[in-house]
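# Working through the structure, step by step
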Amino acid sequence: RRSSELILTNAQAENAGPEALATAKTEQHNYTQIFIRPVDVSRTMQRVRSTEGNELEYQITKQALELALDIERALLRGKLAGGSDTTARALKGVNDWLASEVTDASGTLSISEFNSFLRGIWENGGSPDMLLCDGLFLSVIHEWNVGSLQVAPSDRIGGVRVTQWVSPFGVFTILPDRQVGTGTCYALTSGELALALIDDVHYQELARTSDGTNGQVVAELDRKS
């Protein structure tokens, strides 16, 4: 049966010349974002013996962990901004990269509704293999069908047990993340996720302006899709 909406073949008329078929490129871009957490330790605190050990090292480690959370939140929910001489650049996170196949269940989500969502991605050429979700969505997935969940005891990422869910459209690795919005789940293709790293997380000591030590934990990066 012929379709009026879909070109099924590349049929050519006899003795016809080739006709170029091309579409305009759409450039995808992102900005690098600078992340900074300040460190300020007085001279006295550096000299006083503490159960936590060296105070400067403790504060650097603490601020590095806080910076990691800042980066994680930006990679998930960052809003693109080009910045200027007076305003900061900001990267675009996963939430804003996803312009299609976005579904709002508006309440209770059934397994059939979620499979319909995955089917939409598959029909449009997608092949996701990872579900990045919050704790609420994780519990919903487990309630749907515990028998379809596969757990490898040795598999751990960041201390969180990795679970695989077998769906009609492939096997998905489930990664729970506390920074994902409540009741949110992203269906992602792991091979298409990458970071453009300008500066990895590191500590910089700044010029002294007081009796103590001033510095900052800093990093610069963006998300590539």
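Residues numbered from 1 in each chain as written. Predicted model: local features only at pLDDT ≥ 70, side-chain atom pairs only at ≥ 80, totals over all residues. Heavy atoms only, no water.

## Overview of the sheet that holds strand E1 (residues 33-41)
- Strand order across the open sheet formed by 3 strands is E1-E8-E7, with antiparallel pairing between neighbours. The sheet terminates laterally at E1 and strand E7 (194-205), the two strands that pair on one side only. Put simply, the sheet's adjacent strands are angled 10° from each other on average, direction ignored.
- The pairing of E1 with strand E8 (residues 213-224) spans 9 bridges and is antiparallel. (Pairing = 2+ DSSP bridges. Helix = DSSP H or I, 4+ residues; strand = E, 2+ residues; numbered from the N terminus. Axes fitted to C-alpha atoms, helices over the stretch in contact; angles between N-to-C directions.)

## Some details on helix H5 (residues 135-144)
- By the burial criterion, the buried members of H5 are Phe137, Leu138, Ile141 and Trp144. Projected onto a plane normal to the axis of H5, the buried residues spread over an arc of 120° and lie on a single side. (Buried < 20%, exposed > 50% of the residue type's maximum accessible area, 1.4 Å probe, protein only. Arc of directions from axis to C-beta.)

## Observations concerning the nonpolar core
- Formed by 16 residues in total, the largest nonpolar core has its most connected members in Phe114, Leu131, Phe137 and Trp165.
- Elements with a minimum of two residues in this core: helix H4 (111-123), strand E2 (130-133), H5, strand E5 (170-176) and strand E6 (185-188).
- The contact partners of phenylalanine 114, leaving out residues within four places of it in the chain, are Leu109, Leu131, Phe137, Trp144, Trp165 and Cys185. (Core = buried A, V, L, I, M, F, W, Y, C linked by side-chain atoms within 4.5 Å. Contact = heavy atoms within 4.5 Å.)

## Observations regarding the environment of arginine 77
- Among the secondary structure elements, arginine 77 is positioned in helix H2 (residues 55-77).
- Taking the C-alpha atoms as reference, arginine 77 lies 9.2 Å from leucine 91; in sequence the two are 14 residues apart.
- Each residue touching arginine 77, except ones within four places of it in the same chain, is listed here: Gly93, Asn95, Gln179 and Gly181.

As far as function goes, none of this settles anything; it's purely spatial.
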